[in-house]
Amino acid sequence: MMNNEIFDRLDVIQEACLNENGERIAIPLLKQIQSIEGELYAYVDDFLNEFGGKLDEEIKLYIEQKFLLVN
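The notes below deal with the structure included here. Residue positions are counted from 1 within each chain, in the order its sequence is given. pLDDT decides what is reported in this predicted model: residues at 70 or higher carry local features, side-chain atom pairs at 80 or more are listed and counted, and totals for whole chains, interfaces and linings draw on all residues regardless. The side-chain values count all of the structure's non-hydrogen atoms but skip hydrogen atoms and water molecules.

**Focus: the overall build of the protein**
Going along the chain from the N terminus, every DSSP run of H or I of four or more residues is numbered as a helix, and every run of E of two or more is numbered as a strand. Secondary structure assignment for the protein yields two helices and three strands. Its helices and strands taken in sequence order, the protein reads β-α-β-β-α from the N to the C terminus. In this description, contact between two residues means that some pair of their heavy atoms is separated by no more than 4.5 Å. By sequence separation, contacts in the protein at least 24 residues apart represent 53% of the contacts at least 6 residues apart. Using a 1.4 Å probe, the Shrake-Rupley method yields the accessible areas, and only the shown protein chains count as cover for residues. About 5100 Å² of surface is accessible on the protein, with carbon and sulfur atoms providing 49% of the total. In this tally, Asp and Glu contribute negative charge and Lys and Arg positive charge; neither His nor the terminal groups of the chain are included. The atom standing in for a charge is NZ when the residue is Lys, CZ when it is Arg, CG when it is Asp and CD when it is Glu. Counting 6 positive and 15 negative side-chain charges, the protein places the averaged centre of each group 3 Å from the other.

**Some remarks on the sheet that holds strand β2 (residues 27-36)**
Picture the strands of a sheet paired through backbone hydrogen bonds; they go either parallel or antiparallel. Strand pairing is defined by DSSP finding a minimum of two bridges between the two strands. If you walk across this open sheet you meet the three strands as β1-β3-β2, and the pairing is antiparallel. Among the strands making up the open sheet, the edge pair consists of β1 (6-9) and β2. Neighbour to neighbour, the strand axes of the sheet diverge by 30° on average, direction disregarded. In this structure, β2 lies alongside strand β3 (residues 39-48), joined through nine bridges in antiparallel fashion. Its bridge partner being in β3, Gln 32 is matched across the sheet by Tyr 43. Geometry is summarised by axes, namely lines fitted to C-alpha atoms with helices restricted to the contacting stretch, and by angles between N-to-C directions that run from 0 to 180 degrees.

**Some details on the environment of Ile 63**
Relative to the helices and strands, Ile 63 resides in helix α2 (residues 57-70). Buried residues are those whose accessible area, probed at 1.4 Å on protein chains only, stays under 20% of the maximum for their type, while exposed residues exceed 50% and partly exposed ones sit between those limits. What makes Ile 63 buried here is its relative accessible area of 0%. As a C-alpha pair, Ile 63 and Phe 47 span 16 residues in sequence and 9.1 Å in three-dimensional space.

**A short note on the environment of Phe 51**
Take Phe 51: it is sitting in the loop between β3 and α2. Residue classification places Phe 51 among the exposed positions, given a relative accessible area of 73%. A C-alpha to C-alpha distance of 26 Å links Phe 51 and Leu 68, two positions 17 residues apart in sequence.

In structure tokens form, the structure reads like this:
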């Protein structure tokens, strides 16, 4: 589980799961999706690797830093 719950636009969440080359490095585990003023938002419960397992801490930090840059 993540330390801080993330609530953001779904497109931002999906973008955060990509590396610099546009390759998927994580799969967001969404807890709830909401439509607000025509935009989709979601709470992220955690991120998984491509096999459905836990992410390496390094990749998790990379993703969290991308959220800090956007917000």
